[in-house]
Every structure is written in structure tokens, then in C-alpha cells.
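This is what each chain is made of:
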Amino acid sequence: MTDITPEIVLRAYASGLFPMAPDRDSPELEWYSPEERGILPLDGMIVSRKLMRLALSGKYSVSSDTAFAEVMEACAEPAPGREDTWISERIRGLYCALHGMGQAHSVEVRRDGKLVGGLYGVSLAGAFFGESMFSRESDVSKLALVHLVAGLQKGRYRLLDTQYTTSHLTGLGGIGIPADDYRALLHQALTVKASWPCDFSLSALREFIVPLRRHSGDPS
């Protein structure tokens, strides 16, 4: 079995690849580079009135990098329609190592101190590669994504890679682009020196959250 290090994983991301395990118990990794790549344009997120009200309500507290391993574990939990996971023990070890290197980050959503949602991914220059998200209450994974987009804008990132397109992400402004177009965007993003914000709270990101585009056809 090839010894895949965190450094090899970063080089793979820089070339447009990302790893997944066949299942949670597998020690193997497989590399992917979809012909249609999912991205969420940082200037094109769709935030409904309902989601914006939630984001500005202060009902939840949002932070970053306070529970990276816990967020990964939650993302690997079975859920309806997702009984199995590609987040294996080997994947967790690699990404926790990347987190220790400052190359992987998590966004956590809490209510009354309890972790109820979040996401994690890899940061490389001006690109952030979203890996997985979870939600234990309605709309909290969307709230984590709102704060992620706002934080990436504040940090001057250029690319938010979502790997694939899903109905969930499409509803938030996600799009699919050809692999060649993706690689061009990635190349540009890798020339940018972005900075991961240390504070993902509402007070720190409000000026970036408020202008996020609302879906004009959404009455909610």
C-alpha cells in the first residue's frame, strides 16, 4: 500500500485531484477528478430571506477550528440516504494532520454550546476545497456555508471547490463547470496569497454576510 502523506494530498489538490476511501473500513484511497467539477462562486451564493434571517438572528454561534476532529466524525455518521461514508480512519488521520499543519479547517455551528452542524475542507493558497458537511438541525449546514463564504471573501480567497454538484448546493448557487475550466480557475487561485480568518462569528463577518445575494424568486 502506497504511503500517502499529507504533503502528497496537498500536491494532488493542487493538480485537481482529491481522495476518497471506498468505504469507512477500507485502508485504500481512490483519487478523483470529475469531468464536471462543482464550485460555489464566492460572488454568487444564493441566500434566501429565511436563511438570511437565521444567519442574522444570533440563534447559533459559529466558530472555526475549535472541533476539527469532532466535525469530521459527525460528517462520517450515517444519515438517511447516506448510510455509508468515504471518510475512513485513514482519511481522518490525513486530514487531522493537514489541520495540524494549518492546511485544513472546520467551521462549527453550536446552539447553547452543543455542536449541531458544520463543515470542513482543505485550504491551499487562494482555494478552499470543501470536503463534507453535516447538520443535526434544520438549515445549520447552510448556515455554516454562509459563514464559510463570508470568511473566504474576508480572507481574499478566489475559489470554493465543492467537488460535485448536488441539488442542495445548486439551491445555494453551486454550479458545475468543465474540468478544463476548473483547472484554469484553480491555477489562478493558487497564485493568490489568501488568509484564513481567525474569527468566524456573526460580529466578525456581518459586513460580508449581509450583502450575500438573495434568490429573487424565493418568497420565504
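So, here's what we can say about the structure.

Each value, and the rule that gives it
- Residues numbered from 1 in each chain as written.
- Predicted model: local features only at pLDDT ≥ 70, side-chain atom pairs only at ≥ 80, totals over all residues.
- Heavy atoms only, no water.
- Axes fitted to C-alpha atoms, helices over the stretch in contact; angles between N-to-C directions.
- Helix = DSSP H or I, 4+ residues; strand = E, 2+ residues; numbered from the N terminus.
- Parallel < 35°, antiparallel > 145°, perpendicular 65-115°, else oblique.
- Contact = heavy atoms within 4.5 Å.
- Nonpolar A, V, L, I, M, F, W, Y, C, P; charged D, E, K, R; others polar.
- Pairing = 2+ DSSP bridges.
- Phe/Tyr/Trp six-rings, centres within 6.5 Å; stacked < 30°, edge-to-face > 60°.
- Buried < 20%, exposed > 50% of the residue type's maximum accessible area, 1.4 Å probe, protein only.
- Lys NZ or Arg CZ within 6 Å of the ring centre and 35° of its normal.
- Expected span 1.5 Å × (residues − 1).
- Arc of directions from axis to C-beta.
- Disulfide = S-S within 2.5 Å.
- Polar contact = N/O pair within 3.5 Å; in protein donor to acceptor, adjacent residues only side chain to side chain.

### Things to note about the packing of helix α5 (residues 140–154) against helix α8 (residues 202–209)
Link 1 in the chain: Two numbers describe how α5 lies on α8: the axes approach to 9 Å, and their chain directions differ by 80°. What the angle tells us is that α5 and α8 run roughly perpendicular. Counting all contacts with α5, which are made through Val 146, His 147, Ala 150, Gly 151, Gln 153 and Lys 154, the residues of α8 involved are Leu 202, Ala 204, Leu 205, Phe 208 and Ile 209.
Link 2 in the chain: By residue class, the composition of the contact of α5 with α8 is seven nonpolar, three polar and one charged.

### Side note on the sheet that holds strand β6 (residues 114–124)
Link 1 in the chain: Strand order in this open sheet of seven strands is β4-β5-β6-β7-β8-β3-β9, and the pairing throughout is mixed. Both outer strands of the open sheet, β4 (61–64) and β9 (175–178), are each paired with one neighbouring strand and no more. Strand-to-strand twist of the sheet, defined as the mean angle between neighbouring strand axes without regard to direction, takes the value 35°.
Link 2 in the chain: Here four bridges tie strand β3 (residues 36–39) to β9, and the two strands are oriented antiparallel to one another. From the neighbouring strand, Arg 37 faces β9, where its bridge partner is Ile 177.

### Here we look at the packing of aromatic side chains
Link 1 in the chain: For the structure shown, the criterion picks out eight aromatic pairs.
Link 2 in the chain: Judged by centre distance (4.8 Å) and plane angle (45°), the ring pair of Tyr 13 and Phe 129 falls under tilted. In this pair, Tyr 13 sits in helix α1 (residues 6–14) while Phe 129 sits in strand β7 (residues 127–135), placing the two residues 116 residues apart along the sequence. Each member of the pair, Tyr 13 as well as Phe 129, is classed as buried.
Link 3 in the chain: Through successive ring pairs, a cluster of aromatic residues spans Phe 128, Tyr 157, Trp 196 and Phe 200.
Link 4 in the chain: Over the aromatic face of Tyr 182 sits the side chain of Arg 37, whose NZ or CZ is 4.1 Å from the ring centroid.

### Let's talk about helix α4 (residues 89–100)
Link 1 in the chain: Over its twelve residues, α4 runs 16 Å from end to end, which matches the ideal 16 Å to within 8%, given 1.5 Å per residue.
Link 2 in the chain: Buried residues along α4 sit against α1, β1 (18–20), α3 (68–75), β5 (104–111), β6 and β7.
Link 3 in the chain: One or two residues past the end of α4 sits Gly 102, with phi positive at roughly 80°.

### Looking at helix α7 (residues 179–189)
Link 1 in the chain: Among the residues making up α7, those that are buried are Ala 179, Tyr 182, Leu 186 and Ala 189. Along the axis of α7, the buried positions cluster into a sector of 80°, meaning they face one direction only. Projecting away from the buried face of α7 at angles above 90 degrees are the exposed residues Asp 180 and His 187.
Link 2 in the chain: Buried residues belonging to α7 abut α1, β3, β7, β8 (159–163) and β9.

### Topic: the state of the cysteines
Here a disulfide denotes a covalent bond joining the sulfur atom of one cysteine to the sulfur atom of another.
Link 1 in the chain: Summed over all chains, the structure comprises zero disulfides.
Link 2 in the chain: The structure places no disulfide on Cys 75, whose sulfur is separated from the nearest cysteine sulfur, that of Cys 96, by 12 Å.
Link 3 in the chain: Residue Cys 96 is classed as partly exposed on the basis of its relative accessible area of 32%.

### With respect to the packing of helix α2 (residues 49–57) against α8
Link 1 in the chain: It is the contact of α2 with α8, at a shortest axis distance of 10 Å, that shows an interaxial angle of 150°. Comparing the axis directions of α2 and α8 gives the class roughly antiparallel. For the pair α2 and α8, contact is made by Met 52, Ala 55 and Leu 56 and by Leu 202, Arg 206 and Ile 209, respectively.
Link 2 in the chain: For the contact of α2 with α8, a count of residues per class yields five nonpolar, no polar and one charged.

### Structural notes on the side chain of Asp 161
Link 1 in the chain: You can see Asp 161 is positioned in strand β8.
Link 2 in the chain: By relative accessible area, Asp 161 is classed as buried at 0%.
Link 3 in the chain: Here Gln 163 takes part through its backbone nitrogen, which lies 2.6 Å from a polar atom of the side chain of Asp 161.
Link 4 in the chain: At 2.8 Å, the side chain of Asp 161 and the side chain of Tyr 182 are in polar contact.
Link 5 in the chain: Excluding residues that lie within four positions of it along the chain, Asp 161 makes contacts with Arg 37, Gly 38, Ile 39, Phe 128, Phe 129, Gly 130 and Tyr 182.

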